[in-house]
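Structural features, examined
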Amino acid sequence: MNILLVGSGGREDAIARKINEKDTLYSVILNENPSIIKMSHKYIKYGDNANEFVLNFARENNIDIAFISPDDILNTDLNDYLLENHIPTASPSRKAARIETSKEYMRYIMEKYKIEGNIENYVFDDEDSLKKFFNENNGEYAVKPIGLTGGKGVRVMGLQLSGKDEALDYARYILNRDGKVLIEKKESGEEFSLQALPDGKHLVFMPIAQDYKRLYEGDTGPNTGGMGSITDSNFSLPFLRAGDREIAEGILKKIIYALREEGNPFKGVIYGQFMSTNHGIKVIEINSRFADPEGINVLTLLRSNIVDIFLDIYSETLKNNIKFEKKATVLKYIVPPGYGINPVESELKIGTNLESENFKLYYASVSGTMQTVKTGHSRALALTGISDSIYEASDIVEEHLKYITGSYYIRHDIGTREMIENKIKNSGLQKPWG
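Below, the structure is looked at part by part. (Residues numbered from 1 in each chain as written. Predicted model: local features only at pLDDT ≥ 70, side-chain atom pairs only at ≥ 80, totals over all residues. Heavy atoms only, no water.)

**A closer look at the overall build of the chain**
Within the chain one finds 14 helices and 21 strands. In summary, the chain has a C-alpha radius of gyration of 21 Å against a globular reference of 22 Å for 434 residues, a match within 12%. Counting the 434 residues in the chain, one finds 58% classified as buried. For the chain, restricting intrachain contacts to residue pairs at least 6 apart in sequence, the fraction spanning at least 24 positions comes to 67%. Accessible area of the chain: about 17,600 Å², with a carbon and sulfur share of 45%. Considering the chain, the positive charge centre built from 53 side chains and the negative charge centre built from 62 side chains are found 2 Å apart. (Helix = DSSP H or I, 4+ residues; strand = E, 2+ residues; numbered from the N terminus. Rg over C-alpha atoms; globule rule 2.2 N^0.38 Å. Buried < 20%, exposed > 50% of the residue type's maximum accessible area, 1.4 Å probe, protein only. Contact = heavy atoms within 4.5 Å. Areas by Shrake-Rupley, 256 points an atom, 1.4 Å probe, with all protein chains shown as cover. Lys, Arg positive; Asp, Glu negative; His and termini not counted. Charge placed at Lys NZ, Arg CZ, Asp CG, Glu CD.)

This is the structure we're talking about:
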């Protein structure tokens, strides 16, 4: 079949490889990702007049189904435009994608349908009310833009914000820029990502993952788009409580039901960023796509045909027989020097024939060739180890760093035995862990 993929980051490289196993890939790229270009039968660059341009490309190449991957393009009407012009898609409509593109809408849905896991939250659209809130409240809060942030716009008191004055200044900045700002009660606990495949009615869940957004080792420094991520072979994580997964699954099911009731049935990929706290599971955010990097972990483990999944999503006939390999994965992103603060473009040399059953290398925001890439200002290469345990998968990534030369930064601590054992200890679960 002829499959159209829109997007060209590391997550899209992972999707493209799954498409390319049995079907013919056509791509709409944002950067000249050499891996996606190599796999594509034909490709075009996303740009001005994108809707008509992409539609014509789809028609010329007899596309059977399209998948739109990046959040910023899901925030356009490209998906709706393709459907209106009889190109099947396996991605959410713009209205359904609002569950990610508007945090205000997401909280509204949770409140209206009384979905558990909601967080105390306030939306402000004037400065006087915002100042009054901070003057009258002494708790700690997260300050969030209403719209897309690329994982970088949220700041939390006690983490990125030193106190009330700094929180108010940042909230005022967002309010003046965007016209609104979201304030949420700060929650504490272990975050995890649960991704699912909905066809508007049915849901199939994927292995749980954990993302590491902070720039520096030990989970310090500014938030980034994600420096790496982990999954475990039992599809949960060793520091989560019994029942956490089931509660998170129930929340996503209720959100899918609510969106259908609202007249915005959700088809494609959805995931919840959850937090396991001492007083239950809390919803940090809901997103309308594969996560990045966590989506790469689960796509690496996917054993079912992704095109069959896309077709079932479109036709609302999704079956609960999607298979994932029971292995642990650790992904660590190589990023350009200064990433997250003041990134500097660099050139990286990559050895040949690196990939095996236990190691995958995905190309993200880069251009060039498979052996020599030029980085942009975002994440460059996703190194992914696969093994029976998380810490062994982490070691596999470290062993392959010698084959990549040039100027870059990477977090070495993601998935190490020390990190995981500290998380287990801090969770109070004290599980034995091999």
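There's plenty left to go through after this.
**Notes on the nonpolar core**
By size, the foremost hydrophobic cluster in this structure holds 80 residues, and its most contacted members are Ile15, Ile19, Ile99, Ile230, Ile270, Phe274 and Phe310. Sort the elements by how many residues they give to this core and helix H10 (residues 244-261) lands first, with seven residues. Counting residues in each nonpolar core, the second largest holds 18 residues, with Val28, Ile44, Val54 and Leu55 among its members. (Core = buried A, V, L, I, M, F, W, Y, C linked by side-chain atoms within 4.5 Å.)

**Comments concerning the side chain of asparagine 223**
The residue asparagine 223 is located in strand S12 (residues 220-231) in this model. There is a polar contact of 3.3 Å between the side chain of asparagine 223 and the backbone oxygen of valine 154. Reaching out from asparagine 223, the side chain makes a polar contact with the side chain of glutamine 160 at a distance of 3.3 Å. (Polar contact = N/O pair within 3.5 Å; in protein donor to acceptor, adjacent residues only side chain to side chain.)

**Considering the pattern of salt bridges**
Tallied over the full model, the rule gives 32 salt bridges. Between lysine 131 and glutamate 127 there is a salt bridge whose closest N-O contact spans 3.6 Å. Placement of the pair is lysine 131 and glutamate 127 together in helix H8 (residues 127-136), with a separation of four residues, close to one helical turn. With relative accessibility at 32%, the residue lysine 131 sits in the partly exposed group. On the basis of relative accessible area, glutamate 127 is assigned to the partly exposed category, the value being 26%. With a closest N to O distance of 2.9 Å, glutamate 249 and arginine 245 form a salt bridge. Pair noted here: glutamate 249 and arginine 245 are both in helix H10, with a separation of four residues, about one helical turn. Under the relative-accessibility criterion, arginine 245 is labelled buried at 18%. Among the charged side chains, a salt-bridge network with shared partners connects Glu127, Lys131, Asp169 and Arg172. (Salt bridge = Lys/Arg side-chain N within 4 Å of Asp/Glu carboxyl O.)

**Topic: the packing of helix H1 (residues 10-20) against helix H12 (residues 306-315)**
One can describe the packing of H1 onto H12 by two numbers: an axis separation of 7 Å at closest approach and a directional angle of 100 degrees. Relative to H12, the element H1 is oriented roughly perpendicular. Residue-level inspection shows Ile15, Lys18 and Ile19 of H1 in contact with H12, the latter providing Ile306, Val307 and Phe310. Tallied by class, residues from the contact of H1 with H12 come to five nonpolar, no polar and one charged. (Axes fitted to C-alpha atoms, helices over the stretch in contact; angles between N-to-C directions. Parallel < 35°, antiparallel > 145°, perpendicular 65-115°, else oblique. Nonpolar A, V, L, I, M, F, W, Y, C, P; charged D, E, K, R; others polar.)

**Remarks on the side chain of serine 193**
Along the chain, serine 193 turns up in strand S9 (residues 190-198). Within the structure, serine 193 has its side chain in polar contact with the side chain of glutamine 273 (distance 3.0 Å).

**Some points on helix H7 (residues 103-112)**
Along H7, the residues classified as buried are Lys103, Tyr105, Met106, Arg107, Ile109 and Met110. Two residues or fewer past H7, lysine 114 is found with a positive phi of approximately 50 degrees.

**Side note on the packing of aromatic side chains**
Within the structure shown, the criterion is met by 12 aromatic pairs. Judged by centre distance (5.4 Å) and plane angle (85 degrees), the rings of phenylalanine 133 and phenylalanine 134 are edge-to-face. Here phenylalanine 134 falls in the buried class, since its relative accessible area comes to 1%. Plain terms: the ring middles of tyrosine 170 and tyrosine 173 are 6.2 Å apart, the flat faces sit at 25 degrees to each other, and that makes the pair stacked. Here tyrosine 170 and its partner tyrosine 173 are both found in helix H9 (residues 164-178), three residues apart, which amounts to about one turn of the helix. In this structure an aromatic cluster arises from ring pairing among Tyr122, Phe124, Phe133, Phe134 and Tyr141. The ring of tyrosine 314 has lysine 267 lying over it, and the distance from NZ or CZ to the ring centre is 5.7 Å. Lying over the aromatic face of phenylalanine 239, lysine 423 brings its terminal NZ or CZ to 5.3 Å of the ring centre. (Phe/Tyr/Trp six-rings, centres within 6.5 Å; stacked < 30°, edge-to-face > 60°. Lys NZ or Arg CZ within 6 Å of the ring centre and 35° of its normal.)

These figures capture arrangement, not role.
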